[in-house]
Amino acid sequence: MTGPFLSALPHRYFDENQLHAFIISRIKDFDACLARLELFLPYIDNWATCDQLSPPVLKKHRTELLPCIDRWLSSGRTYSVRFAIGMLMQHFLDQDFSPAYLEAVAALRSEEYYVRMMQAWYFATALAKQYRAALPYLEQQKLERWTHNKAIQKALESYRITDEQKAFLAMTLAQGSDLVLLDEPLTFLDIRQQLELLETLRGLQAGGTTVLLVVHDLNTALTFPDRLLLLDKGRLAACGTALELASSGVIDRVFGVKSRTVQDEKQPVYRFSLEEKE
């Protein structure tokens with residue numbers, strides 16, 4: 001019997017919360033599932049449990065679900081709000097879509113990281129599924145700046161958005177700003193998409209926008225930027241051009257590798273290998 005376990009709130013351990021979310025997601029009766037959701041949501045304290053909580057039965061009762069979503073959005077509880085946005089993203093961006101749902105998510109104002117991240121995720125998904133309806137919210141900068149930038153970054157990483165749309169979004173990202181900050185924007189992109197995105201960013205640079213790019217790939221770091229900041233355990237280890245850093249030996253020291261520079265027809269190419277053990 002799961003009843004006593006589901007009623008024993010709050011739980012003490014993360015795994016208990018994960019199990020609780022799993023059990024609720026297996027409930028096939030809508031009313032029973034909703035009752036358990038209402039009891040559990042105030043006690044969710046992490047994004048993983050929140051995002052795992054996705055009962056299939058809710059999809060079959062979207063009309064009855066909407067008033068609950070409205071209530072969760074206005075609850076002020078971080079993970080109830082995140083869950084509500086997630087439900088709008090999962091169940092109301094296709095055949096039951098309404099522009100009112102975009103407005104509801106855009107109107108939210110929160111200092112909570114996990115709410116703002118879900119807002120960005122929602123709008124990135126909306127751009128993939130309802131591009132024309134979602135785009136004005138970015139063109140008119142209706143989202144908070146951080147959420148606006150993160151939504152566009154996630155959209156630029158998406159396979160479901162065309163190259164032309166990505167180029168326009170990149171320009172929207174830079175609109176009215178002298179600085180664009182992108183955190184690992186090349187992650188999960190194939191090589192062609194990476195090159196296309198870098199080409200778009202070069203276009204922003206040529207237009208006078210400063211592009212600050214956070215990357216872990218050394219080849220990208222040494223070929224794209226004009227100048228680099230190299231961090232080691234959170235501290236600044238070096239600053240300079242790619243050639244200056246490559247020739248100084250600091251890359252070898254920070255990463256424990258051996259590097260060498262090979263000149264091709266257009267620009268230097270950097271090669272890395274493991275240090276030889278003595």
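As shown above, the structure is provided for reference.
Reading guide: rules and limits
- Residues numbered from 1 in each chain as written.
- Predicted model: local features only at pLDDT ≥ 70, side-chain atom pairs only at ≥ 80, totals over all residues.
- Heavy atoms only, no water.
- Salt bridge = Lys/Arg side-chain N within 4 Å of Asp/Glu carboxyl O.
- Helix = DSSP H or I, 4+ residues; strand = E, 2+ residues; numbered from the N terminus.
- Buried < 20%, exposed > 50% of the residue type's maximum accessible area, 1.4 Å probe, protein only.
- Axes fitted to C-alpha atoms, helices over the stretch in contact; angles between N-to-C directions.
- Parallel < 35°, antiparallel > 145°, perpendicular 65-115°, else oblique.
- Contact = heavy atoms within 4.5 Å.
- Nonpolar A, V, L, I, M, F, W, Y, C, P; charged D, E, K, R; others polar.
- Lys, Arg positive; Asp, Glu negative; His and termini not counted.
- Phe/Tyr/Trp six-rings, centres within 6.5 Å; stacked < 30°, edge-to-face > 60°.
- Disulfide = S-S within 2.5 Å.

If you walk through the whole model with that rule in mind, you get six salt bridges. Glu 199 serves as the salt-bridge partner of Arg 202, at 3.7 Å between the closest nitrogen and oxygen. Of the two residues, Arg 202 and Glu 199 are both situated in helix 12 (residues 191-206); the distance of three residues between them amounts to about one turn of the helix. Judged by relative accessible area, Arg 202 falls into the partly exposed class, the value being 33%.

The contact between helix 3 (residues 30-40) and helix 5 (residues 62-73) brings their axes to 12 Å, and the two run at 5°. Comparing the axis directions of helix 3 and helix 5 gives the class roughly parallel. Of helix 5, the residues touching helix 3 (which contributes Phe 30, Leu 34, Leu 37 and Glu 38) are Glu 64, Leu 65, Cys 68, Arg 71 and Trp 72. By residue class, the composition of the contact of helix 3 with helix 5 is six nonpolar, no polar and three charged.

Looking at the secondary structure, you find Tyr 43 in the loop between helix 3 and helix 4 (47-52). Exposure remark for Tyr 43: the relative accessible area of 38% places this residue in the partly exposed category. Sequence separation of Tyr 43 and Arg 77 is 34 residues, and the distance between their C-alpha atoms is 9.5 Å. For Tyr 43, the contacting residues outside a window of four places in its chain are Leu 9 and Pro 10.

A word on the side chain of Glu 157. Within the secondary structure, Glu 157 sits in the loop between helix 10 (145-156) and helix 11 (163-174). No salt bridge is formed by the buried Glu 157; its nearest oppositely charged neighbour, Lys 154, is found at 5.1 Å. Ignoring any residue separated from it by four or fewer positions in sequence, one finds Glu 157 in contact with Glu 184, Pro 185, Thr 187 and Leu 189.

Further remarks concern the packing of aromatic side chains. Two aromatic rings are characterised by how far apart their centres lie and by the angle between their planes. Throughout the structure, instances matching the rule amount to seven aromatic pairs. Plain terms: the ring middles of Tyr 122 and Phe 123 are 5.4 Å apart, the flat faces sit at 80° to each other, and that makes the pair edge-to-face. Here Phe 123 falls in the buried class, since its relative accessible area comes to 0%. Summarising the aromatic geometry, the rings of Phe 123 and Tyr 137 are spaced 5.6 Å apart at their centres and angled 50° between planes, so their arrangement reads as tilted. A residue pair is termed long-range when its members are at least 10 positions apart, and Phe 123 in helix 8 (residues 113-129) and Tyr 137 in helix 9 (residues 131-139) qualify at 14 residues. Taken together, Tyr 79, Tyr 113, Tyr 114 and Trp 146 form an aromatic cluster joined through their ring pairs.

Now for unusual backbone geometry. The peptide bond linking Leu 9 to Pro 10 adopts the cis configuration, its omega dihedral lying at 0°. Looking at where Pro 10 falls in the secondary structure, it is placed in the loop between helix 1 (3-7) and helix 2 (14-25). Backbone geometry at Gln 141 places phi at a positive 50°, although glycine is not the residue there. Within the secondary structure, Gln 141 sits in the loop between helix 9 and helix 10. A positive phi angle, near 55°, is found at Lys 233, a position not held by glycine. Within the secondary structure, Lys 233 is located in the loop between strand 3 (228-232) and strand 4 (235-240).

What follows covers the packing of helix 6 (residues 78-91) against helix 8. Contact geometry of helix 6 with helix 8 gives a least axis separation of 9 Å together with a crossing angle of 5°. Our classification of the angle between helix 6 and helix 8 gives roughly parallel. Touching Thr 78, Tyr 79, Val 81, Arg 82, Ile 85, Gly 86, Leu 88 and Met 89 of helix 6 are Tyr 114, Val 115, Met 117, Met 118, Gln 119, Trp 121, Tyr 122 and Thr 125, all from helix 8.

Let's shift gears to the side chain of Ser 80. As for its placement among the helices and strands, Ser 80 is situated in helix 6. Ser 80 sits in the buried class, given a relative accessible area of 0%. When sequence neighbours within four positions are dropped, the list of residues in contact with Ser 80 reads Leu 41, Pro 42, Trp 72 and Ser 75.

Per the stated rule, a full pass over the model turns up zero disulfides. Here Cys 50 stays unpaired: no disulfide links it, and the sulfur of Cys 33, its closest cysteine neighbor, is 14 Å away.

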